[in-house]
Amino acid sequence: PFSELLKKPIANVLNLPALTDLTGGRAPSIPNGGLGQVSALFWFAVLAIGVLAEVGEINPLAPEQKLAGDLGFDPLGFWGKMDARGRRDMQDKELANGRLAMAAITAFVLEEFASKSAIF
């Protein structure tokens with residue numbers, strides 16, 4: 001699983017398989033194949049971390065104080081310094097950036113699938 005994130009030489013040093021080698025240099029995805037080569041332990045860990053991050057932060061006594069997905073991570077303190085309009089603008093920007101990222105990764109996977117070659 002680390003070889004997805006790290007360069008191939010680093011994966012070799014750690015004695016991990018390079019998943020991009022299995023798909024001809026393309027990103028491991030459903031259309032490109034290679035997801036079956038990722039350890040089940042990795043997928044379990046991803047799921048467990050996601051569940052703990054979301055469920056662990058639910059406070060049933062004060063639901064109005066939390067927004068969906070708000071885990072309280074604001075190391076620079078921007079959120080506390082904003083008024084209601086600034087917070088709404090920040091939420092809109094976050095949604096727009098998330099949607100753009102989802103469209104970009106979808107286009108990335110589809111281009112690799114269509115061209116049958118690595119993008120980078």
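Residues numbered from 1 in each chain as written. Predicted model: local features only at pLDDT ≥ 70, side-chain atom pairs only at ≥ 80, totals over all residues. Heavy atoms only, no water.

Chemist: Where do I start with the overall build of the chain in this structure?
Modeler: Helix and strand counts for the chain come out as 5 helices and 0 strands. N-terminal to C-terminal, the α/β element order of the chain is α-α-α-α-α. For the chain, the proportion of its 120 residues judged to be buried stands at 12%. For the chain, the proportion of contacts with a sequence separation of at least 24, taken over those separated by at least 6, is 33%. (Helix = DSSP H or I, 4+ residues; strand = E, 2+ residues; numbered from the N terminus. Buried < 20%, exposed > 50% of the residue type's maximum accessible area, 1.4 Å probe, protein only. Contact = heavy atoms within 4.5 Å.)

Chemist: Looking at this structure, I do not really get the confidence of the model for the chain. What am I missing?
Modeler: Low-confidence regions, as indicated by low pLDDT, have predicted coordinates that should not be scrutinised in detail. Overall, the prediction assigns the chain a mean pLDDT of 76, with 71% of residues at 70 or greater. Ranking the elements of the chain by mean pLDDT puts helix α1 (residues 2-5) last with 49 and helix α5 (residues 84-115) first with 89. (pLDDT = per-residue confidence, 0-100.)

Chemist: Teacher, can you tell me more about the pattern of salt bridges here?
Modeler: Note that side chains of opposite charge can pair when their charged atoms are close. Under the defined criterion, the tally for this structure stands at 1 salt bridge. Salt-bridge contacts for Arg88 lead to Asp92; the nearest nitrogen and oxygen are separated by 3.8 Å. Here Arg88 pairs with Asp92, and both are found in helix α5, just 4 residues apart, close to one helical turn. (Salt bridge = Lys/Arg side-chain N within 4 Å of Asp/Glu carboxyl O.)

Chemist: Just to check I follow, could you spell out a nonpolar patch on the surface for this structure?
Modeler: A cluster of nonpolar residues, Ile10, Val13 and Leu14, forms a patch on the protein surface that exposes about 300 Å² of accessible area. Positionally, Leu14 belongs in the loop between α2 (8-13) and α3 (19-22). With relative accessibility at 47%, the residue Leu14 sits in the partly exposed group. (Patch = residues over 30% accessible without salt bridge, like charges linked within 9 Å, V, L, I, M, F, W, Y side chains within 5 Å. Areas by Shrake-Rupley, 256 points an atom, 1.4 Å probe, with all protein chains shown as cover.)

Chemist: In this structure, what is going on with α5? I would like to understand it.
Modeler: It helps to recall that an α-helix has 3.6 residues per turn; residues three or four apart then point in one direction. The terminal C-alpha atoms of α5, which comprises 32 residues, lie 47 Å apart, in line with the 46 Å expected from a rise of 1.5 Å per residue. Residues Gly86, Val109 and Glu112 constitute the buried set of α5. A positive phi of about 55° marks Lys116, the residue just after α5. (Expected span 1.5 Å × (residues − 1).)

Chemist: Before we go on, may I ask you to explain the environment of Glu54 in this structure?
Modeler: Here Glu54 shows up in helix α4 (residues 40-55). Along the chain, Glu54 and Asp70 lie 16 residues apart, while their C-alpha atoms are 8.8 Å from each other.

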